[in-house]
Structures are given as C-alpha cells and as structure tokens.
Amino acid sequence: MAKVNDFDNILNECLDRMINGETIEQCLALYPQYAKELEPLLKTAQETRTAAAIKPSSWFRQRAGIEFQEAIRSMPVKTARAPGGFKWRVRWVAPLAALLVLVAGVGTVGAATNALPDSPLYGIKMATESVQMAFTFSDEGKSELNSRFIDYRVEEIVTMAQEGNYAQVEQVTARMESQLSTVATLNLNINIANSQQEATLYGMAAASQDNQVSGFTVPQTSTAPPAKTNTASTTNTTPPLAVTQRSTQESMVTGGVSNTVTDIENLKLILTERFEKNLQILENQLAKAPDILKPALQKAIEVLRQGYEQAIANLVLA
Amino acid sequence: MHRVTPNIVVPITIGTPDGSCQVQEEVSLIRRAQQGDQVALTQLYEANFDRIYRYIAIKIGDRTEAEDMTQQVFLHAIKSLSGYREKGMPFSSWLYRIAHNQVVDYFRKQSKRATVPLDESLPIPAGDGDPKILVEQKITMEEVVVATKTLTAAQQEVISLRFASELSITEVAGVMGKSEGAVKALQHSAIVALRKALATE
C-alpha cells in the first residue's frame, strides 16, 4: 500500500512539473525506479492536456462578453448609504434603544440580543449594550458586564467564521479588543481604588489597634501593604493572599474591606473562567476553519488572550 | 452516470491565469461583486471564463453547446450571486458546481435525443494555427473525449478539473469534497483507465 501511495504522490508531482513546463524525460530522470510505470501514464496525461487546451472562438468570446455586461447592468445594485446615514443612525439608535429598554423591555431589544453583525438589528444590539453599561454604576459591575459582552463577540466571531465572513470576523475582533481594553482599564481602577481604601483602613485599624492591642504593625505604604504580624497569633501559616489572612480582623474593625477583596477575587474568577471558555471556543473554531479564515481567527485568539491576561493581571492584588 | 458534486470541504485558492488573485483579493472581489461592482464582476468573469469553458467542453465534446453552457453558467452566477456565501468554498468552486449541474442537465436532455457527431462539434484547439497541428490535436481531442466517456463519473471529474481546467490537486480536492490523497489515487486510476480506453480505440 505504501508503494501505491508513494506512486500516487510521485505521479502527481510529475504532473505538476509538466504543467509548469518540464518534460516527461525530466520527470522520469527524477524517479528512474518508477520510470517504466510512470512513462505511459505521463504520456497519456500529456495527450489529455494537449487535447484539453482549447479556447472558445473569438466571436463567441465577444458575444458572451457583451451579454455578460448587459446582464451586469440589469443587476439590482445595492445602493451605498448616504454620507450622513450612519451618523443619523448613531444619533438616534442609542436613545431609541434606551427607550425600548426602559419602556418595551423585551420585544425588539430582545430580538436584537441575538442579532449578528450583518443584521440590521445589530445596531440596536450595540446601543442596548451601551445603555446597559450606562445603567451599571460600579467598576466591578462594568467589568463583569463587558466580559459578558465579550462572550457575545466570541459567539459572533464563530458564527461569522462559519459563514465564511472574513471581514466581519475582523471587525468583531476589533470590537472585542476595545472591550477587553476597557475591562483591563476598569480592573486597574478597581485595584488602585482597593489599595487606597485598604491603606486608609489600615491606618484606621492601626490607630484603633494601637489603642487596644499592642504589637500590631501598621503597613508602611499605600500601594503594597505588607503582610502584618500579629504577635498575639501563634500560627506560622501564610495564606497566598495577605488580604485573606487579614479579613476576619479587618471585618471586625472596618466591617467592609473583606467584601471588596472577595469581589475582586470573584471578578478574577469570572474573568478567568470566561477567558478559558472563550479561548476554547475560538480554538475549536480555528481547528475546523478553512485556511482562508485561519489568520482572522488566530488574530481573534491572540486579541482574546492578550486582552484577558492583561485584564486579569490588573486585578492581582499588590 | 453523473453525480452531483458534493459539498466543498477543503478551502482552495483559484487565481487568475497569472496567479495574481490571492485568497483575500478574491474575497474582496466577491464582496464588491455582490454589491454590483461591475469591475469586480468582470474580473471574476475573466478569471474563470476559459477554465469553465474547457471544463464543460472536454466533458460534452460539443463546441456550440459548451459555449452556450459556459455563458449560462455566468448568467446563472450573476442571478444567484447575492445568495453566495463563502463558507470556505471559493467562488470558482461554486462556478464549477453550477457548470457541473449544467453538464448533468445536458446529458439528461441528450439521452432523450440524437447526439451531434463529434467531428463536427469539437472545440477549436488552442494551437498556433498550423493546420497539421490542428488536425493532430483534433484527432487526439476526439479520442480523448470519447475515451473519457468510458470512465467513472469521479474519474471524469478529475480529468476535467485537472487537465482541462488545470486546477491543482488541492483545488480539485476542494471542488470534489475529497481528500488530496483520495484525489491523487483517483487521478492515478483515471489516467490508467483513460490510457486503456485510448488504446482500444
């Protein structure tokens, strides 16, 4: 069997060489061990190619060209949007979506939720997302919401890839990149705000502890509070995050920091899970995508990976 | 017996005769063509016209019919272009499918009426005009067209796509929805069968 497969490959290589201008003799010289078997087949192939090297008559070519041009002219032409059309849509779609979200709730907006980038309802979908974002007030909430929108972008990329729509895959990837960048910025803000809050609370806690418990070390910096040492404690265990170790005592003192830390950890968990899930989805799509779409999907994967890694890194507590 | 060409599963790149039309350019061209861009439509037409003609002509062996059918393939393509979706299938593969269906229809109709004598209907060879060469090519062409008819549908398809349209093995695999290995094996058996058929004529 191996010989047969080898021979099929050699025959094909010789045919390719002949198409590119090499002679039968040149091919046979490359594979003398197969020359006896190859030669008659290559001659037949050459005769067939010669026979098939036909061209339509010039009068037909001319007539066909004229008919084709006439057919083109009678095609219904998709008119380009008026220059101001897109601006008009942007100006009105957002308030319209807001109105629909607030008044109608479901219905059109619900239908738009599943709209794809090549759908007329996609503008409503984008505007609806903007409205949802506007009505989300905490950075943590905005970050989580953006990551949910990134899930939608990944779904859109997969669907567009399945439809072979290269351009839309690229456009949705660009949109996803922008949203990942937003998540990263939000996460950085969350982390900085948390550090500042912790520093303030440490100060308060230290002052309080100074008055009540001797030996409690106050952190020296606002950005990277060191793990504190409670001399009253006899345990040597060091949890991975100093903030986790602090939580019980801080909760007693502040009644709130541990919740913030937990929120950050939860957000990190959510983002990590979504990253892994979406990465898997895109990699699966890449594996079965035609070559023409692979570069666009590889780009999408790279954008997703870099964006999420940065976003998650920005949440790592100092 | 002709089969309908199965769905395309392998992506292929069909270029212009000089090979300059790359995948992305073709995608862009098709998008423009779908929007009614006459230049893009003409480019696609020019890039594929001769190949489609040769594909049909070598299958049916009738110049006049091949010309008309080639024209019908492109007119049909214009009408259906808005519904064309890439889905990993190059534009030319879509054209070959239309052409293949035209050939199937042609043979279906032919089976119900008398055929045109081959020597009066064969395509004009693309030779240099030397009468001797023309005669030799015409004879070979007649033999090949007749011999090809003794092959299986799949073997005929490989011969038409590989030697008339001059597609690469990857492209043929894409059009036929088969693996490259399967097409290579099919190509081998097709040439062997063709040789035997030619020898008996």
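Before going into details, it helps to say that this report is about the structure given with it.

Rules and cut-offs
- Residues numbered from 1 in each chain as written.
- Chains lettered and ligands numbered in written order.
- Predicted model: local features only at pLDDT ≥ 70, side-chain atom pairs only at ≥ 80, totals over all residues.
- Heavy atoms only, no water.
- Salt bridge = Lys/Arg side-chain N within 4 Å of Asp/Glu carboxyl O.
- Helix = DSSP H or I, 4+ residues; strand = E, 2+ residues; numbered from the N terminus.
- Buried < 20%, exposed > 50% of the residue type's maximum accessible area, 1.4 Å probe, protein only.
- Contact = heavy atoms within 4.5 Å.
- Buried area = accessible area lost by both parts, 1.4 Å probe.
- Polar contact = N/O pair within 3.5 Å; in protein donor to acceptor, adjacent residues only side chain to side chain.
- Axes fitted to C-alpha atoms, helices over the stretch in contact; angles between N-to-C directions.
- Parallel < 35°, antiparallel > 145°, perpendicular 65-115°, else oblique.
- Left-handed = near helix turned anticlockwise from the far one by under 90°.
- Nonpolar A, V, L, I, M, F, W, Y, C, P; charged D, E, K, R; others polar.
- Core = buried A, V, L, I, M, F, W, Y, C linked by side-chain atoms within 4.5 Å.

### Points about the pattern of salt bridges
Residues and elements named next belong to chain A.
Alright, step 1. Inspection of every chain in the model, using the stated rule, returns 20 salt bridges over all chains.
Alright, step 2. The partner of arginine 274 in a salt bridge is aspartate 151, with the nearest N and O atoms 3.4 Å apart. Taken together, the residues arginine 274 in helix 11 (residues 257-288) and aspartate 151 in helix 8 (residues 139-162) connect sequence positions 123 residues apart. The exposure classification of arginine 274 matches that of aspartate 151, with both residues buried.

### Comments concerning the interface of chain B and chain A
Alright, step 1. Listed as interface residues are 52 residues of chain B and, on the opposing side, 46 residues of chain A.
Alright, step 2. Of the roughly 4600 Å² buried between chain B and chain A, counting both surfaces, carbon and sulfur atoms make up 65%.
Alright, step 3. In this assembly, chain B and chain A are joined by four salt bridges.
Alright, step 4. At the junction of chain B with chain A, the criterion picks out 15 residue pairs in polar contact (both at pLDDT 80 or more).
Alright, step 5. Breaking the side of chain B that touches chain A down by element, the ones donating at least two residues are helix 1 (23-34), helix 2 (38-60), helix 3 (63-80), helix 6 (131-148), helix 7 (153-164) and helix 9 (180-200) of chain B.
Alright, step 6. If one sorts the elements of the side of chain B that touches chain A by residue count, helix 2 of chain B sits on top with 10 residues.

### Section: the packing of helix 7 of chain B against helix 8 (residues 169-176) of chain B
Residue and element names in this part refer to chain B.
Alright, step 1. Between helix 7 and helix 8, the shortest axis-to-axis distance is 10 Å and the interhelical angle comes to 135°. In terms of their interaxial angle, helix 7 and helix 8 are classed as oblique. For the crossing formed where helix 7 meets helix 8, the hand is right-handed. Only Ile169, Val172, Val175 and Met176 of helix 8 make contact with helix 7, whose side of the interface consists of Ala154, Glu157, Val158, Leu161 and Arg162.
Alright, step 2. Looking at the contact of helix 7 with helix 8, its residues break down into seven nonpolar, no polar and two charged.

### Focus on the nonpolar core
Alright, step 1. The biggest cluster of nonpolar side chains holds 77 residues, and the ones touching the most others in it are Leu38(A), Leu42(A) and Ile56(B).
Alright, step 2. With 11 residues, the top contributor of residues to this core is helix 2 of chain B.
Alright, step 3. For Ile56(B), the residues in contact, after removing those within four places along its chain, are Gly61(B), Ala66(B), Met69(B), Thr70(B), Val73(B), Ala99(B) and Val103(B).
Alright, step 4. In this structure, Val158(A), Leu267(A), Ala296(A) and Ile312(A) belong to the second largest nonpolar core, which totals 34 residues.

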